[in-house]
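Okay, here's what each chain looks like letter by letter:
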Amino acid sequence: MSDDSTRRRPTSSEDEAGLHDILAPSDADRRDGVLGLRVEDEDITPEQARRRRKRRQQSLVAAVLVFVLALVVSGAIVGPKLGLFQAKDYDGDGNGTAVTFTVSSGETNQQIAQGLEDKGVVADAGRFVDVYEEKSDGSFIQPGTFQLQERMSSEAAVDALLGTGGEAVHYVAINQTLRKDEAFKALADGTGIPVSEFEQLDKDPAKFGIPSQFPSLEGYLHPGEYRFKTDATAEDIIREMVDKTKADLKSAGVTGHQHTFDVLTIASILEFEATPQDYRAVAGAIHNRIDNPGGETNGYLQSDATVAYGLGEKTYQITAEQKQDASNKYNTFANKGLPEGPIGSPGLKAIQAAQNPQKNDYYYWVTVNLDTGETKFAKTYAEHQKNVEEYQSWCSDHEGKCS
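None of the values given here were measured: they were computed from a predicted structure.

Trainee: Could you give an account of the pattern of salt bridges, naming the residues involved and the relevant values?
Mentor: Applying the stated criterion across every chain, the model contains twelve salt bridges. Two residues, D159 and K135, come together in a salt bridge whose shortest N-O distance is 3.5 Å. Note that D159 is positioned in helix α6 (residues 154-162) and K135 in helix α5 (residues 125-135), a separation of 24 residues in sequence. One salt-bridge network, held together by shared partners, links K135, E155 and D159.

Trainee: Provide a residue-level description of the packing of aromatic side chains, including the pertinent values.
Mentor: Inspection of every chain in the model, using the stated rule, returns seven aromatic pairs. Look at Y226 and F228: their rings are 5.0 Å apart centre to centre, the planes differ by 10°, and that puts the pair in the stacked class. Residues Y309 and Y330 carry aromatic rings whose centres are separated by 4.8 Å and whose planes lie at 55° to one another, so their mutual orientation is tilted. Here the residue Y309 occupies a position in helix α12 (residues 304-311), and Y330 occupies one in the loop between α13 (320-323) and α14 (348-355), the gap between them amounting to 21 residues. Linked through ring pairs, F214, Y220 and F261 together constitute an aromatic cluster.

Trainee: How would you sum up the nonpolar core? Please name residues and give values.
Mentor: Judged by nonpolar contacts, the single largest core of 51 residues is most densely connected at L187, I238 and L270. A total of seven residues in this core trace back to one element, the largest contributor, which is helix α10 (residues 257-273). Counting the residues that make up this core, at least three belong to each of domain 2 (170-252) and domain 3 (257-359). Not counting residues within four places of it along the chain, the set of residues in contact with L270 comprises Y279, V282, A283, I286, A350, A353 and A354. Grouped together as the second largest cluster of nonpolar side chains are 23 residues, V99, V103, L116 and V129 included.

Calculation notes
Residues numbered from 1 in each chain as written. Predicted model: local features only at pLDDT ≥ 70, side-chain atom pairs only at ≥ 80, totals over all residues. Heavy atoms only, no water. Salt bridge = Lys/Arg side-chain N within 4 Å of Asp/Glu carboxyl O. Helix = DSSP H or I, 4+ residues; strand = E, 2+ residues; numbered from the N terminus. Phe/Tyr/Trp six-rings, centres within 6.5 Å; stacked < 30°, edge-to-face > 60°. Core = buried A, V, L, I, M, F, W, Y, C linked by side-chain atoms within 4.5 Å. Buried < 20%, exposed > 50% of the residue type's maximum accessible area, 1.4 Å probe, protein only. Domains from an automatic or database assignment. Contact = heavy atoms within 4.5 Å.

Read these as layout, nothing more, since geometry by itself doesn't imply function.
What follows is the structure in structure tokens.
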């Protein structure tokens, strides 16, 4: 390793000579009269050197500040013209990923905008509000559920919500176990149409081509997810639902008014009495009871779900007194055969099971585990009682589950 302390430092006279050599003019320069530069040796005190360094530092800081200020001023002038400080936005009508967006009654434009940003529909809530104020022309975003997409431009989102661009819709979900009154409420909540309008249509099921055997729209309010146009009427909505049920009946091969009544009624019971894997087995047991009035059950269906429907309740617990009340037209303990009509709106799988019941010897069934849907079947009442005891034991171990 070398030792820097042993190196000889050039003297000031040598430094000066080196600079003279560097700055000296060439022969051509001398011929042209260029004499070059001369560096004079200047003696200054340490204090003077310190002051010079300080002045140089101050000059550098001042230059930097002036440069930064110039950038800020230039940005303020040129930036807006280039759109550098405008709220960010997406382009186009979205990336194809659907987003179900609900506008609640009483929400402000800012709340709606923030909700859109949170769901990834628009890039910036502020930008959406600006575009809305430019395009709304006094129109308001109506409460309801809309089908939008991720990464929409603010303009496209405004158009969709105002119904001036992409199609605005009301989203409604009808579950398979909803009764008609529950379905009407869901429709009213999702569309803003009064429940009374749906109830009025319920009094005239024939208006929708429903056989006279059906006392109401019950059974034809097809379950599923709906996206109704915002200008759809109550009649438009019911007709769409009824048509879907008719399509399911047709695909399952169900024909004839009475047969349609039987299939839809049994299918609606299956939705409450069984899980999909047991639909066909339970349908077979139901037929064994109805088709064999001389059998052990004497033609009585004995379904708790039908009794509960007639009572206007949803419960697994039916009292002995309630089971004896023949005035309840849905009481299948006191009245033989099927109840007066469906007790809900069945889906396609239940309709298919009711149309093609399993051939079996069962007369009894009971779900012994309400969490898993495990159902046990029996040919005799004695066998059935053992299954009932298992169900009751499960209920004791799971307080509140069987109420």
